[in-house]
Amino acid sequence: MLNEPTGQLVVHAIEQHIRENVEKLEQAEADERHLFLWLDFPEQRTLANLGFTATPTVLPSLPISITAVRVAESMIPGRVSFYRRDRGWTDLGTWSE
């Protein structure tokens, strides 16, 4: 895991989540389609791959039908990342109750 680029496992999780949900998202009549991914405690290795930043260095491969992806850690406070094909990754900070 030490040699994996920051966020590589997160991007893998995103791409898997896309495969599972792309048909449903493509049915939505919308100008933009955003995928939301919670990273829960069982994904410890994926969370650890983010390190101390919520901004991965790896870019996900999105189908043309999906505009953006939000990734949130389910822990409180949890970091939130946003990826948009035309802007790249953005750290949206943390959320809490």
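As the structure is a computational prediction, the values presented were derived from the model and not from experiment. (Residues numbered from 1 in each chain as written. Predicted model: local features only at pLDDT ≥ 70, side-chain atom pairs only at ≥ 80, totals over all residues. Heavy atoms only, no water.)

Visitor: How would you sum up the side chain of Arg 84? Please name residues and give values.
Guide: In this fold, Arg 84 is placed in strand β3 (residues 78-84). By relative accessible area, which is 11% here, Arg 84 ends up buried. Separated by 3.0 Å, the side chains of Arg 84 and Glu 32 make a polar contact. Excluding residues within four positions of it along the chain, Arg 84 makes contact with Glu 32, His 34, Thr 67 and Ala 68. (Helix = DSSP H or I, 4+ residues; strand = E, 2+ residues; numbered from the N terminus. Buried < 20%, exposed > 50% of the residue type's maximum accessible area, 1.4 Å probe, protein only. Polar contact = N/O pair within 3.5 Å; in protein donor to acceptor, adjacent residues only side chain to side chain. Contact = heavy atoms within 4.5 Å.)

Visitor: Before we move on, could you go through the sheet that holds strand β4 (residues 88-95) and cite the residues and values that matter?
Guide: Ordered in space as β1-β2-β3-β4, the 4 strands form an open sheet in which the pairing is mixed. Edge positions in the sheet fall to β1 (34-39) and β4, since each of these pairs with one other strand and no more. Ignoring strand direction, the axes of neighbouring strands in this sheet form an average angle of 15 degrees. Direction of pairing for β1 relative to strand β2 (residues 68-73): parallel, over a ladder of 6 bridges. Each residue of the ladder has a partner; that of Leu 35, found in β2, is Val 69. (Pairing = 2+ DSSP bridges. Axes fitted to C-alpha atoms, helices over the stretch in contact; angles between N-to-C directions.)

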